[in-house]
Amino acid sequence: MGKKTVMILATGGTIAGSGKAGRGVGYKVATLTAESLIESVPQIQDLANIKAEQLFNLGSDNITQDELLQLANRVNELEKDDSIDGIVITHGTDTMEENSYFLNLVCDVRKPVVFTGSMRPATAISADGPLNLYQSILVATHDDAVDKPVMCVMSDTILDSRTFFKTSTFSVETMKSAGLGHLGIIRDQEVIFTSKGDKSIHTSKSEFRIDGVKKLPKVSVVYFHIDADVKNLEFALENSDGVVVAGAGEGSFSRFWREVIDNTKKPVVISSRTASGTISEESLLSKNSIATQFLNPQKAAVLLRVALINNLKRSNEDIDRIFRTY
Ligand code: ASP
């Protein structure tokens, strides 16, 4: 059988960053093009026929709903393109956990979709981008990667977009799925899927689609801390279609916050500011809220936003079903 064909969608981030030779800080993100990324790892040409598109070139914190929809729509188009077998998206690591999960929810795709990035710019000593790109191509061409959730491949590890998040500001092993495991590992040219993933519904089986969607609902995350001003919560509720509370411990907050949540008509999803664990229905302080299960606040915001597409009046019962399913 001939080589498979992989489309690299370049979007920016540190993997396309450069700075002073040998330095891992103080660099500029999103300076290199898709072409120079590919040229820096000639070995990927042995793995697949490589095509590339520069969709945009941004630090991932600057990505708005416009670029996000552009990216998701392009992935949907590539699913229908018979000349493409797999998709690799180079992306900044800061918000990769959110944008990959968004694609996991809204893209009608069975082909492998792999996000990758790097923690060090191309000009640092031991830049991690080249190996991450190489390993992403390996995964995107692997037969077992079909029908998987949207994935992240970094530092020898294959992660599920539903569970992974950035855990360190500088470590190359920053992407982890605290306590929830990974999908597989990569060593040299070998890809080993160690898990089939959890039972959550994703991509081609998801009920969420973005055909014709030009604007996404507005969702805000409000962080509770000791003596946190209830006005921040009120402001978020007034100015958003839905709110995610990053509560303390198992989603807790003060009696002042509880009063506001008890009385709002907007959907409020309760998550935890701790890095792991679950929120159970029994521990919800307000019955007028929804438990995020184990999604962290920023991932819960993605799911709530998607749940409200074309349906701003979705009931709390239905949003609760969605949080148990996705
Ligand atoms: N600030 C960068 C970004 O997310 C960080 C990175 O790519 O690692 O675009």
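Before reading on, note that the structure itself is shown above.
Note that the structure is a prediction, hence the values are computed from the model and not measured. (Residues numbered from 1 in each chain as written. Predicted model: local features only at pLDDT ≥ 70, side-chain atom pairs only at ≥ 80, totals over all residues. Heavy atoms only, no water.)

Caption draft 1: Examining the overall build of the protein more closely. Looking only at helices and strands, one finds 9 helices and 14 strands in the protein. Viewed in the frame of its principal axes, the protein has a C-alpha envelope of about 60 × 40 × 35 Å. Taking all 326 residues of the protein together, the buried fraction comes to 54%. Mean positive and mean negative side-chain charge positions of the protein (36 and 41 charges, respectively) differ by 2 Å. (Helix = DSSP H or I, 4+ residues; strand = E, 2+ residues; numbered from the N terminus. Buried < 20%, exposed > 50% of the residue type's maximum accessible area, 1.4 Å probe, protein only. Lys, Arg positive; Asp, Glu negative; His and termini not counted. Charge placed at Lys NZ, Arg CZ, Asp CG, Glu CD.)

Caption draft 2: Here's a closer look at the sheet that holds strand E2 (residues 49–58). The strand order E2-E1-E3-E4-E5-E6-E9-E10 describes an open sheet built from 8 strands, whose pairing is mixed. Single-partner strands in this sheet number two, and they are E2 and strand E10 (190–193). Averaged over all pairs of adjacent strands, the angle between their axes in this sheet comes to 25°, without regard to strand direction. In this structure, strand E1 (residues 5–12) lies alongside strand E3 (residues 86–90), joined through 5 bridges in parallel fashion. Bridging from a neighbouring strand, Ala-10 pairs with Thr-90 of E3. Of the strands in this sheet, E3, strand E4 (113–116) and strand E5 (151–154) touch helix H4 (residues 96–106), which is tilted by about 170° from E4. Strands E1, E2, E3, E4, E5, strand E6 (157–160), strand E9 (184–187) and E10 of the sheet are contacted by helix H5 (residues 129–140), whose axis makes an angle of about 155° with E3. (Pairing = 2+ DSSP bridges. Axes fitted to C-alpha atoms, helices over the stretch in contact; angles between N-to-C directions. Contact = heavy atoms within 4.5 Å.)

Caption draft 3: The sheet that holds strand E12 (residues 242–247), seen in detail. Spatially, 4 strands are ordered E11-E12-E13-E14 in an open sheet, and the strand pairing comes out parallel. Strands with a single pairing partner mark the edges of an open sheet, and in this sheet they are strand E11 (219–223) and strand E14 (290–291). The sheet contact formed by E12 and strand E13 (residues 268–272) spans 5 bridges and is parallel. Opposite Val-244, over in E13, you have Val-269 as the bridge partner.

Caption draft 4: Expanded view of the layout of surface pockets. Of the volumes computed, that of the largest pocket is approximately 430 Å³. As for the largest pocket, its lining consists of 18 residues, and the residues nearest its centre are Ile-63, Leu-68, Glu-98, Asn-99 and Arg-305. Only helix H3 (65–79), H4, E11 and helix H8 (297–307) provide two or more residues apiece to the lining of the largest pocket. Per element, the largest residue contribution to the lining of the largest pocket is 4 residues, and it comes from H8. Taken together, the residues of the lining of the largest pocket sort by class into 7 nonpolar, 7 polar and 4 charged. One number sums up the size of the second largest pocket: a volume of about 280 Å³. Among the residues making up the lining of the second largest pocket, the classes are represented as 5 nonpolar, 10 polar and 3 charged. (1 Å grid on protein atoms, 1.4 Å probe; cavity = no way out; pocket = protein on both sides within 12 Å on 5 of 7 lines; lining within 4 Å. Points joined across faces, edges and corners; volume = space filled by probe spheres on them. Nonpolar A, V, L, I, M, F, W, Y, C, P; charged D, E, K, R; others polar.)

Caption draft 5: Broad picture of the site of the ligand. Around the ligand, the structure places Gly-13, Thr-14, Val-29, Gly-59, Ser-60, Asp-61, Gly-92, Thr-93, Asp-94 and Ser-118. Contact between the ligand and Asp-94: a nitrogen atom at 2.9 Å from a side-chain N or O atom of the residue. When the free accessible area of the ligand is taken as 270 Å², the share hidden by the protein chains comes to 90%. In a pocket analysis with a 2 Å cut-off to the grid points, the ligand is assigned to the second largest pocket. Class assignment of the residues belonging to the shell around the ligand gives a composition of 1 nonpolar, 7 polar and 2 charged. (Near = heavy atom within 4 Å. Polar contact = N/O pair within 3.5 Å; in protein donor to acceptor, adjacent residues only side chain to side chain. Areas by Shrake-Rupley, 256 points an atom, 1.4 Å probe, with all protein chains shown as cover. Sits in = over half its atoms within 2 Å of the grid points.)

Caption draft 6: The arrangement of helix H7 (residues 255–263) in detail. Looking only at H7, the buried set comprises Trp-257, Val-260 and Ile-261. For H7, the angular spread of buried residues about the axis comes to 95°, placing them on one side. When the buried face of H7 is taken as reference, the exposed residues oriented beyond 90 degrees from it are Arg-255, Glu-259 and Asn-263. Lining the buried residues of H7 we find E11, helix H6 (230–239), E12 and E13. (Arc of directions from axis to C-beta.)

Caption draft 7: Inspection of H5 at higher detail. With 12 residues, H5 should cover 16 Å at 1.5 Å per step; its first-to-last C-alpha distance of 16 Å lies within 8% of that length. Most of H5 is tucked away, with 10 of its 12 residues classed as buried. Within the span of H5, buried status applies to Gly-129, Asn-132, Leu-133, Tyr-134, Gln-135, Ser-136, Ile-137, Leu-138, Val-139 and Ala-140. (Expected span 1.5 Å × (residues − 1).)

Caption draft 8: Representation of the nonpolar core. Counting residues in hydrophobic clusters, the biggest one holds 53 residues, and the most contacted among them are Phe-102 and Leu-103. When residues of this core are assigned to their parent elements, the largest contribution, 7 residues, is made by H8. In this structure, Val-41, Ile-50, Val-153 and Leu-183 belong to the second largest nonpolar core, which totals 24 residues. (Core = buried A, V, L, I, M, F, W, Y, C linked by side-chain atoms within 4.5 Å.)

Caption draft 9: A look at the packing of aromatic side chains. With the rule as written, the count across this model stands at 2 aromatic pairs. For the ring pair Phe-208 and Tyr-326, a centre distance of 4.9 Å and an interplane angle of 50° mean the geometry is tilted. Here the residue Phe-208 occupies a position in the loop between E10 and E11, and Tyr-326 occupies one in the segment after helix H9 (316–325), the gap between them amounting to 118 residues. Given a relative accessible area of 4%, Phe-208 falls into the buried group. Given the relative accessible area of 3%, Tyr-326 is considered buried. Measuring from centroid to centroid gives 5.2 Å for Phe-224 and Trp-257, while their planes differ by 80°, and the two rings are edge-to-face. (Phe/Tyr/Trp six-rings, centres within 6.5 Å; stacked < 30°, edge-to-face > 60°.)

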